[in-house]
Amino acid sequence: MKTRSLRASAVAAALLLGMTAACTSNSDNADDSDGGSTEGGGGGGGSLTYWASNQGTSIDNDKEVLTPVLEAFTEQTGIPVELEVIGWNDLQTRIQTAVTSGQAPDVVNIGNTWAASLQATGAFMPFGDEEMDAIGGADKFVETALATGGAEGEDPTSVPVYGLAYGLYYNKAMLEAAGVEPPTTWEEMVSAAQAVTDPATGVYGLSLASGSYTENSHFAFINGAQNGAELFDSDGNPTFTEDGTVEGIKRYLDLMQEDEVVNPSNAQYDNAALAVADFATGKAAMILTQNNAGATITANGMPDDAFGVVALPAPSDAEDDIASHVAGINLSIFTNTDNKDGALQFVEYMTSPEVQTQLGRPFSTLPVLVDTEATFTDNTELAETFTDIYNNRSAPLPLVPAEDQFENTVGKAMNQMFATIATGGTVSEDDVRAALQTAQDQVQASVG
Amino acid sequence: MATTAVSEKDDAGQEQRPPARPRRRSGWWWPYALLAPAVLFELVIHVVPMITGVWMSTRQLTKFFISNWTAAPGVGLRNYQVALDFDAAVGEALLRSFAVTCAFTVLVVLVSWTFGMAAAVVLQRSFRGRSGLRTLFLVPYALPVYAGVLTWNFMLQRDTGAINHILVDNLGLIDDRPFWLIGSNAFWSVVVVAIWKMWPFAFLMLMAGLQSVPQDVYEASAVDGAHAYRQWRSITLPMLRPVNIVLVLVMFLWVFNDFNTPFVLFGTGQPAAGDLISFHIYNATFLTWNFGLGAAMSVLLLLFLLLVTGIYLLITNRESRRA
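Residues numbered from 1 in each chain as written. Chains lettered and ligands numbered in written order. Predicted model: local features only at pLDDT ≥ 70, side-chain atom pairs only at ≥ 80, totals over all residues. Heavy atoms only, no water.

In the annotation of an unreviewed UniProt entry, chain B is listed under the name Sugar ABC transporter permease and assigned to Cellulomonas chengniuliangii. What UniProt states about chain B under its Subcellular location (unreviewed entry) heading is, verbatim, "Cell membrane". Its UniProt record, at the heading Sequence similarities (unreviewed entry), says of chain B: "Belongs to the binding-protein-dependent transport system permease family." (UniProt positions renumbered as here; feature names shortened; annotations may be inferred.)

For chain A, the name recorded in an unreviewed UniProt entry is Sugar ABC transporter substrate-binding protein, with Cellulomonas chengniuliangii as its organism.

What follows is the structure, given as structure tokens:
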């Protein structure tokens, strides 16, 4: 009797568990992963909720920098702003969860490469003429920066707030000691890195965030674009397996595999700050990173005059000398905000010349407004280098709805390939092509 | 949590069943009234989302419809076709993840049960320090999952982790620092962490089960000359059979569905060798915003677990009837 009722209960419990298991995989986990409650709609009473991306040296640092700026906004307008700063590993998932559930903040920072993808969800307010006027007009923005706001030919659903670009940072003393000049081609970069690398002392020529899928996907794009490859066709279908992209990714992987100028440990670096820290502490002579690395370098104790920056070099026979994507952060307003006017006022404030100048330094960002000087550094040479890269040698990542899926699938496939190399395996061009085919199939399955 | 549910239902079941029930007495509705909130919440929290999940699996629920998902067009069984087409990328990855999860589950359940049984038997006899050991063994179970697994994540780092520090620097067993969280070692890392997390549960259940085995049976068998192993095989195991049947099933379901361990241990790293199925479905869904496909994979997982559970209970039922 006892055994039977116990068994009946077991069946019931088991069925229940099985069912919950199936459910959690598609809905509950989304909530688990965001690790905290999300305030919906800013409460309506004139207040705003703002999700900021991590731009400074840490999330706390971001709060310190932003709090007085937001307090000044509240003083001017009487609108209180509730701030949450979100790290890069979580931001995309958090935004997806917000879109899916409708439990969203009023204003959010997005990686500008996601703009067209997020636009496709319909969850973000388009900046039509009226909205654009409310934030000071489209003319105030640098054209290339504003072009990242959404798909071509549609009203953008985001506007630029921080401009960023990749550069090759080098440690002046280390290159000088090895007797090499700052590189101007990919080949020179590799030989300079080899001249510095000494695994016995733990010093390497380059440090990469090889475990970060966003960083990896950026270099898949830049290296592929240098070879003249396109990631999507005109209909928005993925074309990841083009020769140029395969060769470009292989070239980037070979920095660890064949050239051996990258510490295999970098395969676990899931955050660009880890690679920057290696550079700032003399474990790596060069890094490929965006101009906001400045704050982290200084925080790690490396003086401003100890490093220089050149554009990320292309191979000598490259079809294009592109050195960066048009990187940066955009501001978006969720369509279901209760406080559209307040949100527009806030976006206008954040993209005003005063706030741009105020935040340019602590976050080491490039201005997104025309006729504004770069304030992220006192080093005019550095400012000029980055302004030149941003204005003349950057191309936007494809402005198609599936762009974020490219970052996710190709970036994570590259994580795996770096892991294979780091653990003693080899990755051939065919392996790269096969991995890209898988990524392409995954994206195609959802594009339809 | 499931254990309390089981025992409560057991007790309730016995109370509700008087020897004879001639006619309805006043207050007959009382148990139903008491159960009603539970049934209601069960419907709201489990059944409705589950049906929604099945419905979602027949839709092309991509980002274009995500903010108005009832408008997503129906695609019939196409999502299932994609998930089960093992020659194409999506299906092949799902199959590989399924195989990894099966191996993971067998290892974790087997080892956790063995550890739990050994510890429960050893701690059955009273000796000085027994309660201290019991408490110590239960620590991994009591620790919040995130804190525990995150600590493992730190320990398993290649350059700064305690494991490599001990293996390479202190003991000198290996020259080259191995990676534990990427590459093929990732499988063993997630197995070890899952066992660490799971075995105290087996220990707790078996320890509780052992309390109900009367001491005089052991004494009688000792008089007949039975040694410790013989006692375990002929007395302990058969007496614990009902507990074991539930324990193994519950552990199987938990371990097979484990999401937190790989999620916290690997983060966005997601190595192929540690690609457990819940984590895989989550990634496949959020990777491409293809929630219809993710729902189809979840339904397939549900069907598989139901099938295994059904077969398991059928076999254990038949065996106990024969016994």
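Caption draft 1: Geometry of the overall build of chain B. Each helix and strand in chain B was counted, giving 14 helices and zero strands. Here the C-alpha coordinates of chain B stretch approximately 75 × 70 × 35 Å along the principal axes. Every one of the 323 residues in chain B was classed for burial, and the buried ones make up 41%. When the accessible area of chain B is evaluated, it comes to approximately 17,300 Å², of which 66% is carbon and sulfur surface. Treating the 23 positive side-chain charges of chain B as one cloud and the 18 negative ones as another, the clouds have centres 10 Å apart. (Helix = DSSP H or I, 4+ residues; strand = E, 2+ residues; numbered from the N terminus. Buried < 20%, exposed > 50% of the residue type's maximum accessible area, 1.4 Å probe, protein only. Areas by Shrake-Rupley, 256 points an atom, 1.4 Å probe, with all protein chains shown as cover. Lys, Arg positive; Asp, Glu negative; His and termini not counted. Charge placed at Lys NZ, Arg CZ, Asp CG, Glu CD.)

Caption draft 2: Examining the overall build of chain A more closely. Counting its regular elements, chain A contains 17 helices and eleven strands. In chain A, buried positions account for 62% of the 448 residues. For chain A, the accessible surface area stands at approximately 16,300 Å², while carbon and sulfur atoms represent 46% of it.

Caption draft 3: The packing of aromatic side chains, seen in detail. Residue and element names in this part refer to chain A. Inspection of the entire model under this criterion finds 36 aromatic pairs over all chains. Pairing Tyr 252 with Phe 418 gives two aromatic rings, centres 5.8 Å apart and planes at 80°, and the pair type is edge-to-face. Taken together, the positions of Tyr 252 in helix H10 (residues 243-253) and Phe 418 in helix H16 (residues 403-422) put the pair 166 residues apart, joining distant regions of the chain. The buried category is assigned to Tyr 252, whose relative accessible area is 1%. A cation sits over an aromatic face here: Lys 412 above Tyr 213, 4.8 Å from the ring centre. (Phe/Tyr/Trp six-rings, centres within 6.5 Å; stacked < 30°, edge-to-face > 60°. Lys NZ or Arg CZ within 6 Å of the ring centre and 35° of its normal.)

Caption draft 4: Inspection of the side chain of Ser 265 of chain A at higher detail. By secondary structure assignment, the location of Ser 265 of chain A is in the loop between H10 and helix H11 (272-280). Overall, Ser 265 of chain A belongs to the buried group, its relative accessible area being 2%. Reaching out from Ser 265 of chain A, the side chain makes a polar contact with the side chain of Arg 158 of chain B at a distance of 2.7 Å. (Polar contact = N/O pair within 3.5 Å; in protein donor to acceptor, adjacent residues only side chain to side chain.)

Caption draft 5: Examining the sheet that holds strand S2 (residues 81-86) of chain A more closely. Residues and elements named next belong to chain A. Here five strands make up an open sheet; going across it, the order is S2-S1-S3-S10-S4 and the pairing mixed. With partners counted over all chains shown, the strands left at the sheet margins are S2 and strand S4 (159-164), one partner each. The average angle at which neighbouring strand axes cross in this sheet is 20°, direction not considered. Looking at chain direction, strand S1 (residues 48-53) and strand S3 (residues 107-111) are connected through two bridges and run parallel. Across the sheet, residue Tyr 50 finds its bridge partner in S3, namely Val 107. (Pairing = 2+ DSSP bridges. Axes fitted to C-alpha atoms, helices over the stretch in contact; angles between N-to-C directions.)

Caption draft 6: Region of the structure containing the nonpolar core. Judged by nonpolar contacts, the single largest core of 117 residues is most densely connected at Tyr 50, Leu 255 and Met 350 of chain A. When residues of this core are assigned to their parent elements, the largest contribution, nine residues, is made by H16 of chain A. Residues in contact with Tyr 50 of chain A, not counting those within four places in the same chain, are Leu 66, Leu 70, Val 81, Glu 82, Leu 83, Glu 84, Val 107, Val 108, Asn 109, Leu 331, Phe 346 and Met 350 of chain A. One finds Ile 110 of chain A together with Ala 72, Val 109 and Trp 199 of chain B within the second-largest nonpolar core, a separate group that totals 69 residues. (Core = buried A, V, L, I, M, F, W, Y, C linked by side-chain atoms within 4.5 Å. Contact = heavy atoms within 4.5 Å.)

Caption draft 7: Representation of the sheet that holds strand S8 (residues 307-310) of chain A. All names here are of chain A. The mixed open sheet is built from four strands, whose spatial order is S6-S7-S5-S8. Every other strand in the sheet has two partners, leaving strand S6 (204-207) and S8 as the edge strands with one partner each. Strand-to-strand twist of the sheet, defined as the mean angle between neighbouring strand axes without regard to direction, takes the value 25°. In this structure, S6 lies alongside strand S7 (residues 284-290), joined through three bridges in parallel fashion.

Caption draft 8: Structural view of the UniProt feature "transmembrane region" (unreviewed entry) in chain B. When the UniProt feature table is mapped onto this chain numbering, "transmembrane region" (unreviewed entry) sits at residues 29-55, 98-123, 135-155, 179-199, 239-256 and 291-315 of chain B. The span residues 179-199 of chain B carries 71% helix and 0% strand; its end-to-end C-alpha distance comes to 25 Å.

Caption draft 9: Representation of unusual backbone geometry. In this model, Glu 260 of chain A sits at a positive phi of 55°, which is unusual for a non-glycine residue. Here Glu 260 of chain A shows up in the loop between H10 and H11.

Caption draft 10: A look at the confidence of the model for chain B. All names here are of chain B. Summary statistics for chain B give a mean pLDDT of 87 and a share of 92% for residues scoring 70 or more. Mean pLDDT across the secondary structure elements of chain B bottoms out at helix H1 (residues 2-16), with 45, and peaks at helix H11 (residues 241-256), with 95. The model gives residues 1-14 a pLDDT under 50, and that stretch makes 13 contacts with residues more than four places away or in other chains. (pLDDT = per-residue confidence, 0-100.)

Caption draft 11: Structural context of the pattern of salt bridges. Residues and elements named next belong to chain A. The tally for this structure, following the rule as stated, stands at ten salt bridges over all chains. Between Lys 250 and Glu 258 there is a salt bridge, with its nearest N and O atoms 3.9 Å apart. In this structure, Asp 321 and Arg 393 form a salt bridge, with 3.5 Å as the shortest nitrogen-oxygen distance. With a gap of 72 residues between them, Asp 321 in the loop between S8 and strand S9 (324-325) and Arg 393 in the loop between helix H15 (380-392) and strand S11 (394-395) connect regions that are remote in the sequence. Owing to a relative accessible area of 43%, Asp 321 belongs among the partly exposed residues under this scheme. A relative accessible area of 22% means that Arg 393 is categorised as partly exposed. The structure contains a network of salt bridges with shared partners spanning Lys 250, Asp 254 and Glu 258. (Salt bridge = Lys/Arg side-chain N within 4 Å of Asp/Glu carboxyl O.)

Caption draft 12: Looking closely at the confidence of the model for chain A. When pLDDT is averaged across chain A, the result is 87; 90% of the residues are at 70 or more. Taken as a whole, residues 1-44 of chain A scores under 50 in pLDDT and shows 81 contacts with residues more than four places along the chain or in a different chain.

Caption draft 13: Examining a nonpolar patch on the surface more closely. A grouping of Leu 35, Val 39, Leu 40, Phe 41, Leu 43, Val 44, Ile 45 and Val 48 of chain B is seen on the molecular surface, where their side chains present a nonpolar patch of about 740 Å² in accessible area. Among the secondary structure elements, Phe 41 of chain B is positioned in helix H2 (residues 30-56). (Patch = residues over 30% accessible without salt bridge, like charges linked within 9 Å, V, L, I, M, F, W, Y side chains within 5 Å.)

Caption draft 14: A look at the packing of helix H4 (residues 89-122) of chain B against H11 of chain B. Residue and element names in this part refer to chain B. Relative orientation of the contacting elements H4 and H11 amounts to 140°, with a least axis distance of 9 Å. Taken together, the axes of H4 and H11 lie oblique to each other. Note that H4 runs across H11; the crossing there is right-handed. Contact residues: Phe 98, Thr 101, Cys 102, Phe 104, Thr 105, Val 108, Val 109, Ser 112, Trp 113 and Met 117 in H4; Asn 244, Leu 247, Val 248, Met 251, Phe 252, Val 255 and Phe 256 in H11. Grouping the constituent residues of the contact of H4 with H11 by class yields 13 nonpolar, four polar and no charged. (Parallel < 35°, antiparallel > 145°, perpendicular 65-115°, else oblique. Left-handed = near helix turned anticlockwise from the far one by under 90°. Nonpolar A, V, L, I, M, F, W, Y, C, P; charged D, E, K, R; others polar.)

Caption draft 15: Focus on the environment of Leu 314 of chain B. On the secondary structure map, Leu 314 of chain B appears in helix H14 (residues 291-322). Put simply, Leu 314 of chain B and Leu 77 of chain B are 237 residues apart on the chain and 30 Å apart in space, counted from C-alpha to C-alpha.

Caption draft 16: Quick peek at a negative patch on the surface. Residues and elements named next belong to chain A. There is a patch of like negative charges on the surface, built from Asp 129, Glu 130, Asp 133, Glu 154, Asp 155 and Asp 341. When residues in the negative patch are grouped by element, the largest group, three residues, is from helix H5 (residues 129-134). Looking at the secondary structure, you find Glu 130 in helix H5.

Caption draft 17: Local environment of the environment of Glu 92 of chain B. Residue and element names in this part refer to chain B. Tracing the sequence through the fold places Glu 92 in helix H4. Along the primary structure Glu 92 and Ala 272 are separated by 180 residues, whereas in three dimensions their C-alpha atoms are 12 Å apart. Leave out the neighbours within four places in its chain, and Glu 92 touches Asp 85 and Phe 86.

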